[in-house]
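An overview of the molecular structure
One letter stands for each residue in the lines below.
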Amino acid sequence: MPAIEVGRICVKLRGREAGRKCVIVDIIDDNYVLITGPKELSGVKRRRININHIEPTEKKISISKGAQDPEVIEAIKREGLEEYMKERIKIPSTKLITVIKR
């Protein structure tokens, strides 16, 4: 599994933004990171999130720690990942997973 690091592109697994891609902007501690979509690109707001609620992908962009949204957008465009960031991934409902486990 790819490492949790600044610039790593991830997929959100939980919440209303589940299935959308985001970028790790800062590592807060062992359990939390700061992410951004940015909102105008992928629909994910800049926020602190538990690392258990994201799945890192193989893709990574080069940004500095704590980069602002315009810098993140510029790095995404430089890498040619705009369309990749806009794609959504279908995440199965946790209710469905609970039913299957029974």
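Preceding this section is the structure that the text describes.
Our subject in this report is the structure included herewith. (Residues numbered from 1 in each chain as written. Predicted model: local features only at pLDDT ≥ 70, side-chain atom pairs only at ≥ 80, totals over all residues. Heavy atoms only, no water.)

**Overview of the state of the cysteines**
A complete count under the given rule lists zero disulfides for this structure. Cysteine C10 is unpaired, with the sulfur of C22 as its nearest cysteine sulfur at 5.2 Å. For C22, a relative accessible area of 0% translates into the label buried. (Disulfide = S-S within 2.5 Å. Buried < 20%, exposed > 50% of the residue type's maximum accessible area, 1.4 Å probe, protein only.)

**Some remarks on the pairing of strand β2 (residues 21-27)**
Burial analysis of β2 places six of its seven residues in the buried class, the great majority of the element. Strand direction decides the pairing type here: strand β1 (residues 8-12) and β2, joined by three bridges, are antiparallel. For V11, the partnering residue across the bridge sits in β2 and is K21. (Helix = DSSP H or I, 4+ residues; strand = E, 2+ residues; numbered from the N terminus. Pairing = 2+ DSSP bridges.)

**Looking at the sheet that holds β2**
The strand order β4-β3-β2-β1-β5 describes an open sheet built from five strands, whose pairing is antiparallel. On the outer flanks of this sheet lie β4 (47-50) and β5 (54-60), each paired with one strand and no other. Strand after strand, the sheet turns through a mean of 50° between neighbouring axes, direction not considered. Across four bridges, the pairing between strand β3 (residues 32-36) and β4 is antiparallel. Across the sheet, residue V33 finds its bridge partner in β4, namely I49. (Axes fitted to C-alpha atoms, helices over the stretch in contact; angles between N-to-C directions.)

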